[in-house]
Amino acid sequence: MLVSGRVASASGQRPELHMWNIVSINGNAYHLDVTFNMSQSTRIKRYDYFNLSDADIKKDHIITSKFPKCSIPNKDYYSANSLVVFNLKDLVYMS
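Residues numbered from 1 in each chain as written. Predicted model: local features only at pLDDT ≥ 70, side-chain atom pairs only at ≥ 80, totals over all residues. Heavy atoms only, no water.

Chemist: Explain the packing of aromatic side chains here, please?
Modeler: Each pair of aromatic rings is reported with the distance of its centres and the angle of its planes. The full count for this structure, using the stated rule, is 3 aromatic pairs. Geometrically, the ring pair formed by Tyr 77 and Tyr 78 is edge-to-face, given 5.3 Å between the ring centres and 90° between the ring planes. Under the relative-accessibility criterion, Tyr 77 is labelled partly exposed at 29%. The class of Tyr 78 is partly exposed, set by a relative accessible area of 24%. Taken together, the ring pairs connect Tyr 47, Phe 50, Tyr 77 and Tyr 78 into an aromatic cluster. (Phe/Tyr/Trp six-rings, centres within 6.5 Å; stacked < 30°, edge-to-face > 60°. Buried < 20%, exposed > 50% of the residue type's maximum accessible area, 1.4 Å probe, protein only.)

Chemist: Would you mind showing me how to read the pairing of strand β1 (residues 2–7) here?
Modeler: Burial along β1 is one-sided: the face carrying Val 3, Gly 5 and Val 7 is buried and the face carrying Leu 2, Ser 4 and Arg 6 is not. Alignment of β1 against strand β5 (residues 61–63), held across 3 bridges, turns out to be antiparallel. Among the inter-strand pairings, Val 7 is bridged to a residue of β5, identified as His 61. (Helix = DSSP H or I, 4+ residues; strand = E, 2+ residues; numbered from the N terminus. Pairing = 2+ DSSP bridges.)

Chemist: Which parts of the structure should I look at to understand a nonpolar patch on the surface?
Modeler: The grouping of Val 85, Leu 88 and Leu 91 at the surface amounts to a nonpolar patch, some 290 Å² of accessible area in total. Along the chain, Leu 91 falls in the segment after α3 (77–80). (Patch = residues over 30% accessible without salt bridge, like charges linked within 9 Å, V, L, I, M, F, W, Y side chains within 5 Å. Areas by Shrake-Rupley, 256 points an atom, 1.4 Å probe, with all protein chains shown as cover. Salt bridge = Lys/Arg side-chain N within 4 Å of Asp/Glu carboxyl O.)

Written out as structure tokens, the structure reads:
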């Protein structure tokens, strides 16, 4: 489904109109914003806005429409694939 809202823009400017999706995976709802992923970089594939909870998406998105609750945390691409680093010991250097 489509979600309408606004996104944080450059510092000091008004938030801009924006739309993104809510998807259902195994009966659970998640925010998915492919537009933001595409705008972050053209050289590196990013998945920052895949399968986010309400708390995660609200960090830089303002929701202005009704939507299903997306309440399951840590199902984003990086957490689901164990790609989150919490300290230096978690890093694995590959040569």
